[in-house]
Amino acid sequence: MKWLLVFRRTVYNHNSFAPLLRGMVELKLSSYYDVGFADQIESIPATTKLIAFSFTTIDIPRINQEIQCIRERFADRVILAAGGSHPSADPNGTLKLGFDVVFVGEGDESFALYLKELIDHPLPEPRIRSPISTLFDLNTRIHTAAEYGLYPFVEISRGCPYGCRFCQVPLLFGKRVRHRSPEVAAQGVEQAVKAGYRRIRFLCSNAFGYRGGDAQTREEALEKLLLSAKNTGVNQLMLGSFPSEVRPEYVQPKLLDLIKQHCFNRTIVLGAQSGSDRVLDLMNRGHTVEQARHAIRLIHQSGLTPHVDVLFCFPGESHEERLLTVDLIDWCITHQNARVHAHVYLPLPGAGAWPLFPEPLEPEISNKLHELEATGRLDGDWNHQKAQGLQILQWRQAGLILV
């Protein structure tokens, strides 16, 4: 008799499951497990053997409540597994929430191996599982899991060498960047096209840093990636916009020309983050304000629209430095036909600035951002994040976060 494995699916984590299921396919576990997805915990079947969660820090209150509800219904008849950015940063705190096993970092191999062990052992040890490989090789697998109907974003790169102090990516995927080659990426895209997908989004931390395959330059690598994908028959490619933003110092006219020639998006998302060089140094960003301005000019001059990320209230930032970021926003909108995506710093376990408090956002700046939102030139969750950052630190004080 097969066991039922259910993934708790949300709008934010549905792209996380294909790599795990790809690992199940590699280990030929389909004869032991049926797979399901639950968009609400009420829909989880009573026969479920294991429920897998992937979540971030801001999900903790929901996760805590769902775990309590599941335990009331299933008691110990179901195994609860957790992975993702928050469990990787706080595995012991995640166990305390009520999970039976926590997968730290990349679960491409470790999750499937656990399922294999589970066939012969009721609750395999250890309860905290680290990656099997130090750094998983993206070229060993395609990004889709067609056997289970999963065609997520095309992950073309993993890892980030920069260590921005507000970001959890190096904790989750390491600092060494790995790329999926154009040929392997195209194999997954071809499966998605056959399944009826016509718009394909690429996933990476820095689109213009892509160096997959044997190309000698970033321009050659990017062109080969886009042409390989287009040859599958896809109609619309999305690169340089969500979820494949670019860093300022990597922007070049030739790369922008490739986007215009081969991609559907007319917007480039660029991480400028601050109008203050001192704050950029505090963030460990690795670029200057002028480099960001130069990149924004290049995007605008190319005929594409800059969509500029900025981050307010980083620990140590002064009121005057926040005003410099407001000046940068005004310049972007007024002179570069840009849109702006605004954030307020969130303290996140595993990020370099954890557990420092965010600086306060003054009413005058908050009002300015609201006014720009009303014009359609600014977007983002900055207003919610003002409260969320303090809530995260309160959850730590309450013992929901242990690191």
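What counts, and where the lines are drawn
- Residues numbered from 1 in each chain as written.
- Predicted model: local features only at pLDDT ≥ 70, side-chain atom pairs only at ≥ 80, totals over all residues.
- Heavy atoms only, no water.
- Buried < 20%, exposed > 50% of the residue type's maximum accessible area, 1.4 Å probe, protein only.
- Helix = DSSP H or I, 4+ residues; strand = E, 2+ residues; numbered from the N terminus.
- Pairing = 2+ DSSP bridges.
- Axes fitted to C-alpha atoms, helices over the stretch in contact; angles between N-to-C directions.
- Parallel < 35°, antiparallel > 145°, perpendicular 65-115°, else oblique.
- Left-handed = near helix turned anticlockwise from the far one by under 90°.
- Contact = heavy atoms within 4.5 Å.
- Nonpolar A, V, L, I, M, F, W, Y, C, P; charged D, E, K, R; others polar.
- Expected span 1.5 Å × (residues − 1).
- Phe/Tyr/Trp six-rings, centres within 6.5 Å; stacked < 30°, edge-to-face > 60°.
- Lys NZ or Arg CZ within 6 Å of the ring centre and 35° of its normal.
- Polar contact = N/O pair within 3.5 Å; in protein donor to acceptor, adjacent residues only side chain to side chain.

Novice: Quick one: what's the story with the pairing of strand β12 (residues 267-273), residue by residue and with numbers?
Specialist: Taken across its seven residues, β12 has six buried, putting it largely inside the fold. Note: β12 against strand β13 (residues 305-312), six bridges, orientation parallel. Bridge pairing in β13 links Ile268 to Pro306.

Novice: Report on the packing of helix α11 (residues 289-301) against helix α12 (residues 319-335), specifying residues and quantitative values.
Specialist: Between α11 and α12, whose axes approach to 11 Å, the crossing angle comes to 15 degrees. As judged from the angle between their axes, α11 and α12 are roughly parallel. The two elements α11 and α12 cross, and the hand of that crossing is right-handed. Taken together, the residues of α12 that come into contact with α11 (itself represented by Arg293, Ile296, Arg297 and His300) are Leu328, Trp331, Cys332 and His335. Class assignment of the residues belonging to the contact of α11 with α12 gives a composition of four nonpolar, two polar and two charged.

Novice: So what's going on with the packing of α12 against helix α13 (residues 363-375)? Which residues, and what values?
Specialist: In contact at an axis separation of 11 Å, α12 and α13 are set at 15 degrees when each is read in the N-to-C sense. In terms of orientation, α12 and α13 fall into the roughly parallel class. Here the hand of the crossing between α12 and α13 comes out left-handed. For the pair formed by α12 and α13, the contact residues are His319, Arg322, Leu323, Val326, Ile329, Asp330 and Ile333 on the first element and Glu364, Ile365, Lys368, Leu369 and Leu372 on the second. Taken together, the residues that form the contact of α12 with α13 break down as seven nonpolar, one polar and four charged.

Novice: Can you tell me about α12, naming the residues and giving the values?
Specialist: Spanning 17 residues, α12 covers 24 Å between terminal C-alpha atoms, matching the ideal 24 Å at 1.5 Å per step. Turning to α12, its buried residues number three or more, namely Glu321, Arg322, Thr325, Val326, Leu328, Ile329, Trp331, Cys332 and Ile333. Phi turns positive one or two residues past the end of α12, at Asn337, with a value near 50 degrees.

Novice: Run through the packing of aromatic side chains, naming residues and quoting values.
Specialist: Overall, the coordinates contain twelve aromatic pairs when judged by the stated rule. Here Phe7 and Phe37 contribute two aromatic rings whose centre-to-centre distance is 5.7 Å and whose plane-to-plane angle is 25 degrees, an arrangement assigned as stacked. Here Phe7, found in strand β1 (residues 3-8), pairs with Phe37, found in strand β2 (residues 33-38); they are 30 residues apart in sequence, far enough to count as distant. Since its relative accessible area comes to 0%, Phe7 is described here as buried. Ring geometry for Phe55 versus Phe99: centroids 5.8 Å apart, planes at 20 degrees, classification stacked. With Phe55 in the loop between β3 (48-54) and α2 (60-74) and Phe99 in the loop between α4 (91-96) and β5 (101-103), the pair connects residues that are 44 residues apart, well separated along the chain. If you follow Arg247 out to its NZ or CZ, it ends over the ring of Tyr162, 3.6 Å from the centre.

Novice: Summarise the side chain of Arg178; cite the residues concerned and give the values.
Specialist: Mapped onto the fold, Arg178 is located in strand β9 (residues 178-179). Overall, Arg178 belongs to the buried group, its relative accessible area being 6%. Looking at Arg178, its side chain comes within polar contact range of the side chain of Glu106, at 2.6 Å. Not counting residues within four places of it along the chain, the set of residues in contact with Arg178 comprises Glu106, Leu135, Phe136, Leu138, Ile156, Ser157, Arg158, Gly159 and Phe173.

Note that every value here comes from positions in space, so none of it alone points to a role or purpose.
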